[in-house]
Amino acid sequence: MTLTKNILSLFLLWFLQKTFSSATNRLIGAKDHASVQINIGDVDENGRYTGAFTTYALSGYVRAQSEADDSINRLATKDGLLSMVWSYQK
């Protein structure tokens, strides 16, 4: 029984270390060489970098569909980094 639990916990640890696309919440595979991870630095009210950052991962599919800039704007607006930049269009 403990061997099964160890195997399951190792699999869960392996699975949680995978990168998911911020825009689509899909798993980014190891062979997706078009995917990118972007760190956007947090700044204080004076515009100085605070040492913290927000990370966004975009899959190659999102980039191939030319949706990367729109996805970054949407995610950054949702996280409070941008205001009045992205609006939903039907």
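Counting restarts for each chain, with residues numbered from 1 along the sequence as it is written. It should be noted that, the model being predicted, local features are given only for residues of pLDDT at least 70 and side-chain atom pairs only at 80 or more, the latter also being counted only at that level, while totals for whole chains, interfaces and linings use all residues. Just so you know, side-chain values use all the structure's heavy atoms and leave hydrogens and water out.

**Examining the overall build of the protein chain**
What counts as a helix is a DSSP run of H or I of at least four residues, what counts as a strand is a run of E of at least two, and both are numbered from the N terminus. Helix and strand counts for the protein chain come out as three helices and two strands. Moving toward the C terminus, one meets the helices and strands of the protein chain in the order α-β-β-α-α. Exposed residues in this analysis have more than 50% of their type's maximum accessible area, buried residues have under 20%, and partly exposed residues fall in between, with area computed by a 1.4 Å probe over protein chains only. By the burial criterion, 16% of the 90 residues in the protein chain qualify as buried. Any two residues whose heavy atoms approach within 4.5 Å at even a single point are treated as in contact. The long-range share in the protein chain, meaning contacts at least 24 apart out of those at least 6 apart in sequence, stands at 39%.

**Overview of the pairing of strand 2 (residues 49–58)**
Two strands make a pair as long as DSSP finds a minimum of two bridges between them. As paired strands, strand 1 (residues 36–43) and strand 2 are joined by seven bridges and run antiparallel to one another. Bridge assignment links Val-36 to a residue of strand 2, and that residue is Leu-58. The antiparallel pairing of strand 1 with strand 2 creates a hairpin that spans five residues between the two strands, and Gly-47 there sits at a positive phi of about 85 degrees.

**Brief notes about the nonpolar core**
Take the buried Ala, Val, Leu, Ile, Met, Phe, Trp, Tyr and Cys residues and link them wherever side-chain atoms come within 4.5 Å; each set so joined is a nonpolar core. In this structure, Ala-23, Tyr-56, Leu-58, Val-62, Ile-72, Leu-75 and Ala-76 together form the largest nonpolar core, which totals seven residues. For this core, the elements supplying multiple residues, two or more each, are strand 2 and helix 3 (68–78). Counting residues per element, this core draws most heavily on helix 3, which supplies three residues. Setting aside anything within four residues of it in sequence, one finds Val-62 in contact with Ser-21, Ala-23, Thr-24, Glu-67, Ala-68 and Ser-71.

**Re a nonpolar patch on the surface**
Patch construction takes residues with relative accessible area above 30% that form no salt bridge. Like charges are linked within 9 Å, and nonpolar side chains (Val, Leu, Ile, Met, Phe, Trp, Tyr) are linked within 5 Å. Throughout, the Shrake-Rupley method with a 1.4 Å probe supplies accessible areas, and for residues the shown protein chains are the sole cover considered. Here, a salt bridge means any Lys or Arg side-chain nitrogen found within 4 Å of an Asp or Glu carboxyl oxygen. Taken together, the side chains of Val-43, Tyr-49 and Phe-53 make up a nonpolar region of the molecular surface, amounting to roughly 340 Å² of accessible area. By secondary structure assignment, the location of Val-43 is in strand 1. Judged by its relative accessible area of 51%, Val-43 is exposed.

**Here we look at the environment of Ala-68**
Within the secondary structure, Ala-68 is located in helix 3. Each C-alpha atom, one on Ala-68 and one on Ala-23, is 8.4 Å from the other, the two residues being 45 residues apart in sequence. Residues contacting Ala-68, with those up to four places away along its chain left out, are Leu-58, Val-62 and Arg-63.

**Considering the confidence of the model for the protein chain**
A residue's pLDDT is the confidence the predictor assigns to it, expressed on a 0 to 100 scale. Averaged over the protein chain, the pLDDT score is 83; the fraction of residues at 70 or greater is 86%. Confidence, expressed as mean pLDDT per element, reaches its minimum in the protein chain at helix 1 (residues 2–16) with 72 and its maximum at strand 2 with 92.

**Regarding the environment of Gln-37**
The topology assignment puts Gln-37 in strand 1. On a C-alpha basis, the gap between Gln-37 and Ser-22 in space is 9.4 Å, while along the polypeptide they are 15 residues apart. Beyond its immediate chain neighbours, meaning those up to four positions away, Gln-37 contacts Thr-55, Tyr-56 and Ala-57.

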